[in-house]
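Breakdown of the fold
One-letter residues, chain by chain:
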Amino acid sequence: MAIEDPCAIRRRAIATLAAHGVAATVVGDAGYLAGVLDIARTGQGVALLAAVGPTPDGLAPYDRLPPVTPIPMSALARPGADPATVTAAFDAVRDLLR
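So, here's what we can say about the structure. Values in this document were obtained by computation on a predicted structure and should not be read as measured data. (Residues numbered from 1 in each chain as written. Predicted model: local features only at pLDDT ≥ 70, side-chain atom pairs only at ≥ 80, totals over all residues. Heavy atoms only, no water.)

Next up on the list: the overall build of the chain. Within the chain, the secondary structure is distributed over three helices and two strands. Its helices and strands taken in sequence order, the chain reads β-α-β-α-α from the N to the C terminus. Taken over the C-alpha trace, the chain has a radius of gyration of 16 Å; the compact-globule value for 98 residues is 13 Å, which it surpasses by more than 25%. Taken over the C-alpha atoms alone, the chain extends approximately 45 × 30 × 25 Å along its principal axes. Buried residues in the chain amount to 13% of all 98 residues. (Helix = DSSP H or I, 4+ residues; strand = E, 2+ residues; numbered from the N terminus. Rg over C-alpha atoms; globule rule 2.2 N^0.38 Å. Buried < 20%, exposed > 50% of the residue type's maximum accessible area, 1.4 Å probe, protein only.)

Right under this line is the structure:
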């Protein structure tokens, strides 16, 4: 189970597994993270998640797969967005990621 393409985390997970000779099959697509988490909670798959905040309820770290190199994250504001709103949003994300 994975978030529908395009998804940088999906591509990173599949590429990492392939580079380590681990066969992987995406058996379903979810439009949202909640769908991926629900399947992982049932034990029918694993989820590669961004390392932000605590582990979601009902999940536990799984260390029997190859480690995945982190990818940089960026954020862009739409043209014409209110500068004060953009600054507040970017500051909130930075605080969350610290």
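As a further point, take the layout of surface pockets. Any space left empty among the atoms is revealed by the rolling of a water-sized probe across them. Empty space within the largest pocket amounts to approximately 1,700 Å³. Elements represented by at least two residues in the lining of the largest pocket include exactly β1 (2–3), α1 (8–19) and α2 (33–41). Its residues assigned to classes, the lining of the largest pocket shows 38 nonpolar, seven polar and three charged. (1 Å grid on protein atoms, 1.4 Å probe; cavity = no way out; pocket = protein on both sides within 12 Å on 5 of 7 lines; lining within 4 Å. Points joined across faces, edges and corners; volume = space filled by probe spheres on them. Nonpolar A, V, L, I, M, F, W, Y, C, P; charged D, E, K, R; others polar.)

A few words on the pattern of salt bridges. All chains considered together, the criterion is met by three salt bridges. Two residues, R10 and D29, come together in a salt bridge whose shortest N-O distance is 2.5 Å. Of this pair, R10 sits in helix α1 while D29 sits in strand β2 (residues 29–30); the two residues are 19 residues apart in sequence, bridging distant segments of the chain. Note on R10: relative accessible area 15%, which makes it buried. Two residues, R94 and D91, come together in a salt bridge whose shortest N-O distance is 3.0 Å. Here R94 pairs with D91, and both are found in helix α3 (residues 83–97), just three residues apart, close to one helical turn. When its relative accessible area of 43% is taken as the criterion, R94 is described as partly exposed. (Salt bridge = Lys/Arg side-chain N within 4 Å of Asp/Glu carboxyl O.)

It is worth spelling out α1 at this point. Along its 12 residues, α1 runs 16 Å from first to last C-alpha, staying within 8% of the 16 Å computed at 1.5 Å per residue. Taken as a whole, α1 has its buried residues at R10, A13, T16 and L17. Buried positions in α1, seen along its axis, are confined to an arc of 140 degrees and lie on one side of it. Along α1, exposed side chains directed more than 90 degrees from the buried face belong to A18 and A19. On its buried face, α1 is in contact with β1 and β2. Among the residues trailing α1, G21 stands out with phi positive, at a value near 70 degrees. (Expected span 1.5 Å × (residues − 1). Arc of directions from axis to C-beta. Contact = heavy atoms within 4.5 Å.)

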